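# Analysis of the macromolecular model
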Amino acid sequence: MSSVKVAVRVRPFNSREIARECKCIIEMSGNTTVIVNPKVPPGTKESAKSFNFDFSYWSHNPSDPEFSSQIMVYKDIGEEMLQHAFDGYNICIFAYGQTGAGKSYTMMGRGEDGQEGIIPQICKDLFRRIRQTTSDDLTYSVEVSYMEIYCERVRDLLNPKNKGNLRVREHPALGPYVEDLSKLAVMSYQDIYDLIDEGNKARTVAATNMNETSSRSHAVFTIFFTQQRHDKTTNLVSEKVSKISLVDLAGSERADSTGAKGTRLKEGANINKSLTTLGKVISALAEIASKSKKSKKADFIPYRDSVLTWLLRENLGGNSKTAMIAAISPADINYDETLSTLRYADRAKQIVCKAVVNEDANAKLIRELKEEILKLRELLKAEGIEVEEGPDGRVVYEKKETREPSPIRKKSDEEAMSPKLSRAATTIAEEAVDQLQASEKLIAELNETWEEKLKRTEQIRVQREAVFAEMGLAVKEGITVGVYSPKKTPHLVNLNEDPNLSECLIYYIKDGVTRVGTAEANVPQDIQLSGSHIVSEHCIFENTDGVICLIPHRGALVYVNGREVNEPIILKTGSRVILGKNHVFRFTHPGQPREEPLNKLITDTTDTEVPEKESATENVDWDFAQCELLEKQGIDLKQEMQKRLCALEEQFRKEKEHADQQFEEQRKNYEARIDALQRQVEEQSVTMSMYSSYTPEDFHNDEDIFVNPLFETECWSAREVGLAAWAFRKWKYHQFTSLRDDLWGNAIFLKEANAISVELRKKVQFQFTLLTDTPYSPLPGELAPRDDADDEYRPSAPTVVAVEVTDTKNGATHYWTLEKLRQRLELMREMYHNEAELSPTSPDHNIESVTGGDPFYDRFPWFRLVGRSFVYLSNLLYPVPLIHKVAIVNEKGDVKGYLRVAVQAVVDAEKNNSEFVAGVKQSAKISFDDDIVPTRSRLKTLSTVEKNNAMNLEDRPEQDSNIKIEAELAAAECDADSGRGDSSLASELKEEELPEHLAPGREFTFRVTVLQAHSVATDYADVFCQFNFLHRNEDAFSTEPVKNAGKNTPLGFYHVQNITVPVTKSFVEYIKTQPIVFEVFGHYQQHPLHKDAKQDGPAAGRTPPRRMLPPSIPISAPVRSPKWGAASVAPPCCSSHLHSKHDLLVWFEICELAPSGDYVPAVFEHSDELPCRGLFLLHQGIQRRIRITILHEPSSDLQWTDVRELVIGRIRNTPEANEDTTDGDEDGALSLGLFPGERPNLDDRAVFRFEAAWDSSLHGSPLLNRVSANGEVVYITLSAYLEIENCGRPAIVTKDLSVVVVGREARTGRSLRRALFGSKAARADRLTGVYELSLHRALEPGVQRRQRRVLDTSGTYVRGEENLHGWRPRGDSLIFDHQWELEKMTRLEQVGRTRHFLALRERLRHGHENTIAPNDFTKTEKEVCNMAAKAASESAHEPPERWDMTPRERELATKFVKLIQGRIGSNKEVETAVSPATPVDEGVSADISTPSLLSSIHSASSFELCSPERALLEKSMSGWGCGLGAGGAPGALVGPGSGALYVPECEEVRVSAAVARRGYLNVLQHGTHGWKKRWLVVRRPYVFMYRDERDPIERALINLANAHVEYSEDQEQMVRMPNTFSVVSKERGYLLQTLGDKEVHDWLYAINPLLAGQIRSRSARRGAGGPGAGGAPTGAGGPAGSAPAGGPVLPGDKGLQTLAA
């Protein structure tokens, strides 16, 4: 460590100072510099300040004898620094001072002799000393760089290319450096001189007031001096690198002194900035140096504040020898600048630098060791000790006398030297020699080459392996690989019960005595063992001349070769030694042969036994030693083990028998308990079903319940018993309630299967479906229900719940039973659990679906069923040929194409064989045996339709009206199904003689020709047709496959099949009633394994009406009232009788408090794209009210009493409400404070309006308290509980509203509306809702039927359910959809049969050449001609003839009507029981909890299907009504004064978004006298009225389902208005006028397409001009000009009368 050397040099006056006659204020004496303050009087204390420096150079006056020249400065500073550079240190010299103080002169000088500065002189002296070096082992290299720091930017002065700014970087080891700075190698001083000259020319200088050539930048000249020395003794090259930094700083200046302006001023500012930073660095370093060691901290030094200080970091307080030359001015005008420079230099003296020699660490160490050895040798030599190196490398010293001293002197010396001193001298010499030896060893190690190190390592490895080999350790390539026996030393090897632990320990028997014992022995034991039966001194091994003798101690257990040893024994190789009980060893002596076989030592044996024993002794292990020990001790180990094994087996057998016996007893006990519990449950269910029919008053009687006459069958007559049996069978097979149980009960299994399928990435989806055994969709064998004993009484085909498996991977669909789903689900669970254990590369990871090994997939057929068709054979009776065009219908009831088939009888075989030459001709012979009759269940599929048609075509009112309630009703019904109900044209042939060609026993041949198939989808290729008789699949006939080219090209089969049948009674019955089944097959154009293959395209058939489909947005359930609880939203307990229906138009408004104090409706933005058809824009923190207005047609049945409660809840930010909150308690539900309701007079409609105060902060929901985020919509649900006259419970109006909360000062005008919805959004202040209110008659006491509890598992969570993304299993809506499919297939079947009848009638009407039996033909033709009239009369709903009932019949009929209506003669009123809520899916709220489908037909929310069952129901109801009284309606049984209560049911109607027609019409309403132009929009089944096109609020509505549309020319003439038509409902009539003539038909088509078609057809006939083609209708309501708009025809009496007036 060394301080910075500081020198001060004063210059002469310059011309500027001489001109100003300045005085000198600097005095120097030795190394002291004194500055005199010219402003202070002399002699005072502050007049002079003195500073001490290393050097003070007086260069003011050249004539002065104390004058310091350039050479003197270099001698003092430059030579010392150059010597440091040769020693290997970094050096730095920099000059500091104000502008014009002589810094550049001192550093650079001038080109004249004797005027060179420090930099040229150092360079010149450097090369001079290099030339003086004569050593060949020393080489030098010199590199230079020259840069300037101008305005904090670094420039390279030696490389003209680097003109830009160079970046300063920092390296962890090298410190700060300049990137891309050029380093040029020089060989002589001239090279350096030229580079310096070129660099100075490129340096930035400028003229200022103080200096004409002022340096405007800092210049740094760096010399990299490298010395390489080659050491011959070590053959190593050491290197020293010195960095010589010579810095010429720019001068500090003041702007007023230099007169700097513009660029000069900016330069001066940067110069002062860098010099100020340099001053801070020097001050910080000085403070650190002045601190004590204990108080030193890691003070911050601002090196990085300037580029100059950053680059000089190592030179200032770092690894460098640094010198500073402070240049000062002697003039008094520069007093302040000079004083500042002196203080600067004085602080720099305190900086301490830590300079080190820059050389290689090894070279430095070697150099220091050599210096130390040299000193030690000199020390020993001075002591008279000569040191020599011995042959083994050790240092040997010897003390020698140089001359023989005189005896007297010698004696005196000996006397003077005490023994202690002589010993001390000897010790010092020995220590010096030891230190000398250690140093020389270190030098030898450092000088050792890599090859010598490798050689020495190899020698040590060979020696180590030799030692290890002697110790028994095997070493291979430096890695120990095992232990083996030594080759010379006797030893013991351990034997262990575990073979892996045997021979792992080796104990050597050394020469002499080897002791064996424990660690606690008094004498140290050579081999220490532990464990039981090991004494402290156990035994001794004596090794005498290679003979090992084992000597046991007293009390020690020692066994040799299985025998206990108490005396010394000589061991031989291979002997087994057991010490104690557990330590087993094998003795090995490499120098001895192995022990001789024991059989040779004990007894004489044959030669054949010796090798066996020798081979046995070769494998000596632990087992061998133990067996040997036991044998010698007299114990047979094998026999003992056998006995133990037998005992264990016997014990196991006894325990197993005991356990089996206990298990069997426990199983029998459990089975008995299960049977007892099952019987108990059945008894309780029967008892509860009986109790359910009792009223509370019935339980006050003391007599037993089973004594009640209701349960006594003895009081029933045989007729009543028959009635009960018949009714029970009828109601038993209304099966949709049990199907509902299956759907909701098995929903959890379906969800789990889908969840596992998604997680395992199986392309399979599972969903419920309903399958009915119909002609078009016969049930597969595995899905058919089990045979029931009463199956013959089943009125309709059985329906089963199945699972539809959609395999999107293979494009296939399968149907599973619920049992198969559960079985496959077990395999799916197992596969799911094993999925994690199977790696993706294992062969079982991907199980192919085609192999059938995957539980998700089933095998699929190559050919797929396109559809089925049916062709009837009644024409074979006459016989006449017919060509049928039948529809190809799939199992969903969709028409997939058409098939043309010809059926004819072959009477003249030779004549008919000439036809169809081009097609395929085949012949077959089948037989119909009379004793083989198809099963009843299969024939029922078609007989149901036949029976319905028979009821329509044959008028038998006596069977329907006169209810023959006898025990024979079932048999009569069977007869009707089997024969009497047949609608075949040949029904009369039963009583007549059969035709000649169908004589029994005769062979009859007929021909079936498959001609063509039309409109088959192009998805199917290679289409073929297969046909057979019904339920005779073994006699199937098939056509050849035909390519399907598409492009509406028919597929020509032209297949001729001649069928010969022996005529039997069963065959004749078959062709009368049954058809031939045609099945069309094909396979896909794409490969079945294609991932995009689909089974069916979009349904091309007729889509169900809108009311059959679930709503697009789920309708929310009512919000539970906090006051009334679960009773408020419980389903109503009412009868199936519908009293009345009403359409409600409800306006919802949210009003906010305005500054005026009034409540103003908030803005509502209409948008059909939003879930709630728009949203309210609410301001934050303003009081609100909710206003609801209900509009409907006036009715005496609907009178609003008051509003009971208004509840708001389910605050959320998604359209769908959370399922958890809808089923449980409503956490956020809030009951609002109500204001009294009012009835304003808007028009002649009934209006009820009420308001409620809404404080949204009481919900505690942040969604309503804060301003909504961008794009966030808040959804709420409100429910209003309204009281109605004559209703026992409130009507609930529920609506979902969407709101956006904006700031209090935000504008809800056009800009916000455009940002949220676009420019097309319509602005309004209310939201409209359409509701349908149904009033059902409440159940009276005594007949409150229990609603069945349904186990709903659809909401139960299963693992992985979140991956289903909202998927839900089908529920109640599936039943309605399936009913629609059954209705479609029933209608298709009826159409097919009717077409056959009509074609046959037309054929018989025109005659045929093969007519037979004129009498028969005439009779049948007469029946065919009357068939249309009978069907027309049936469809016209003419009332049947009335009959006179007997009192008993009237009593029974009254009882039936009361049962159906749910009424029993009891005047006592009880509370309506609240039944448990039943699950409803997909927004369908139809009440199907009763077992009957009839109740759902009359339900307000059910789907009204135009089925034959409904026609029969209306017919029978009308028949009962005629016999009961003049009212004609079942409701007439109870008078208005009876005080009957009704149950209201209010359901929101989601109107379809599809618009059939919109536009302006002139409207004349009932009760008004002027026309109004209104904008009408037809969205079936409603017509909405608006004020104009831009009005978003519905002002009125017309329900087309309850309206009647009338249009005729007479009506136009009557009202004297052209282009008018009327729409009349039950309450009101509208007269509508179009604005143009051409629009009348378009509006009629939009409102009632059937009426529009009839009018256009009539106009076309009238335009043809034929007689009778047209004519005026009989009246305004005639058949040609009127039709119901969407429902039953309702009278519109007063409406038309008013319009006519």
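Coordinates for the structure precede this section.
Scope of this entry: the structure provided in the associated data block. Computed from a predicted structure; not experimentally measured.

Rules of the game
Residues numbered from 1 in each chain as written. Predicted model: local features only at pLDDT ≥ 70, side-chain atom pairs only at ≥ 80, totals over all residues. Heavy atoms only, no water. Core = buried A, V, L, I, M, F, W, Y, C linked by side-chain atoms within 4.5 Å. Buried < 20%, exposed > 50% of the residue type's maximum accessible area, 1.4 Å probe, protein only. Helix = DSSP H or I, 4+ residues; strand = E, 2+ residues; numbered from the N terminus. Polar contact = N/O pair within 3.5 Å; in protein donor to acceptor, adjacent residues only side chain to side chain. Contact = heavy atoms within 4.5 Å. Salt bridge = Lys/Arg side-chain N within 4 Å of Asp/Glu carboxyl O. Axes fitted to C-alpha atoms, helices over the stretch in contact; angles between N-to-C directions. Parallel < 35°, antiparallel > 145°, perpendicular 65-115°, else oblique. Left-handed = near helix turned anticlockwise from the far one by under 90°. Nonpolar A, V, L, I, M, F, W, Y, C, P; charged D, E, K, R; others polar. Pairing = 2+ DSSP bridges. Phe/Tyr/Trp six-rings, centres within 6.5 Å; stacked < 30°, edge-to-face > 60°. Lys NZ or Arg CZ within 6 Å of the ring centre and 35° of its normal.

Note that soluble globular proteins tend to have their nonpolar side chains buried in a common cluster. Counting residues in each nonpolar core, the largest one holds 52 residues, and the members touching the most others are Leu-899, Phe-1006, Phe-1029 and Phe-1078. Grouped together as the second largest cluster of nonpolar side chains are 50 residues, Leu-166, Val-220, Trp-310 and Leu-339 included.

Moving on, we get to the side chain of Arg-1245. Structurally, the position occupied by Arg-1245 is in the loop between β53 (1233–1234) and β54 (1246–1254). For Arg-1245, a relative accessible area of 15% gives the class buried. Side-chain polar atoms of Arg-1245 contact the backbone oxygen of Arg-1595, separated by 2.9 Å. When residues no more than four places from it in sequence are discounted, the contact partners of Arg-1245 are Leu-1145, Leu-1191, His-1192, Glu-1193, Pro-1194, Arg-1595, Ala-1596 and Arg-1628.

The subject of this paragraph is the pattern of salt bridges. Taken as a whole and assessed by the stated rule, the structure comprises 52 salt bridges. Of the charged contacts, one joins Glu-1361 and Lys-751 as a salt bridge, the two residues approaching to 3.1 Å between their closest N and O atoms. In this pair, Glu-1361 sits in the loop between β58 (1327–1338) and α30 (1372–1406) while Lys-751 sits in helix α20 (residues 747–759), placing the two residues 610 residues apart along the sequence. The exposure class of Glu-1361 is partly exposed, given its relative accessible area of 25%. The network of salt bridges with shared partners includes Glu-1149, Arg-1185, Arg-1187 and Glu-1251.

What follows covers the packing of helix α2 (residues 70–87) against helix α4 (residues 118–132). In contact at an axis separation of 10 Å, α2 and α4 are set at 50 degrees when each is read in the N-to-C sense. Taken together, the axis directions place α2 and α4 in an arrangement best described as oblique. In the crossing of α2 with α4, the sense of the turn from one axis to the other is right-handed. In this structure, α2 contributes Gln-70, Ile-71, Val-73, Tyr-74, Gly-78, Glu-79, Leu-82, Gln-83 and Phe-86 to the contact, and α4 contributes Ile-118, Gln-121, Ile-122, Asp-125, Leu-126, Arg-129 and Ile-130. Within the contact of α2 with α4, the residues separate by chemical class into 9 nonpolar, 4 polar and 3 charged.

Our focus in this paragraph is the environment of Val-73. With respect to the helices, strands and loops of the structure, Val-73 is situated in helix α2. Residue Val-73 is classed as buried on the basis of its relative accessible area, which comes to 1%. Separated by 66 residues in sequence, Val-73 and Ala-7 place their C-alpha atoms 9.1 Å apart. In this view, Val-73 contacts Arg-9, Tyr-57, Gly-78, Ile-118 and Ile-325; residues no more than four positions away in its chain are not counted.

It is worth spelling out the sheet that holds strand β32 (residues 576–579) at this point. The strand order across the open sheet built from 6 strands is β24-β23-β33-β32-β29-β30, with neighbouring strands paired in antiparallel fashion. Looking at the sheet topology across the chains shown, the edges are occupied by β24 (506–508) and β30 (563–564). Note that strand β29 (residues 558–560) and β32 share 3 bridges and pair antiparallel. Within β32, the residue paired with Val-560 across the bridge is Val-577. Here helix α16 (residues 622–633) sits on the sheet and contacts β23 (491–495), β29, β30, β32 and β33 (583–588); the angle it forms with β32, its principal contact strand, is near 75 degrees.

Time to look at the environment of Leu-342. Relative to the assigned elements, Leu-342 resides in helix α9 (residues 335–348). Among the residues examined, Leu-342 registers a relative accessible area of 0% and is labelled buried. Other than its neighbours up to four places away in sequence, Leu-342 contacts Val-8, Thr-33, Ile-35, Phe-51, Phe-53 and Ile-328.

Here the structure, examined in full by the defined rule, presents 29 aromatic pairs. Ring centres 6.2 Å apart and planes at 25 degrees place the aromatic pair Phe-51 and Phe-53 in the stacked group. The burial state of Phe-51 is the same as that of Phe-53; both residues are buried. Here the aromatic rings of Phe-766 and Phe-856 are separated by 6.4 Å at their centres, their planes lie at 45 degrees, and the arrangement is tilted. Highlighted residues: Phe-766 in strand β34 (residues 764–772) and Phe-856 in the loop between α21 (818–835) and β37 (864–872), separated in sequence by 90 residues. The exposure class assigned to Phe-856 is buried, which follows from its relative accessible area of 1%. Grouping aromatic residues by their ring pairs yields a cluster made of Phe-928, Phe-1004, Phe-1006, Phe-1029, Phe-1067 and Tyr-1070. In this structure, Lys-321 is placed above the aromatic ring of Tyr-89, and the distance from its NZ or CZ to the ring centre is 5.0 Å. In this structure, Lys-885 packs its charged tip against the face of Tyr-898, placed 5.1 Å from the ring centre.

Remark: α20 packs on α21, axes separated minimally by 10 Å, with the N-to-C direction vectors making an angle of 35 degrees. As α20 runs across α21, the sense of the crossing is left-handed. Here α20 contributes Phe-749, Leu-750, Glu-752, Ala-753, Ile-756 and Glu-759 to the contact with α21, which in turn contributes Leu-821, Arg-822, Leu-825, Met-828, Arg-829 and Tyr-832. Class assignment for the residues of the contact of α20 with α21 results in 8 nonpolar, no polar and 4 charged.

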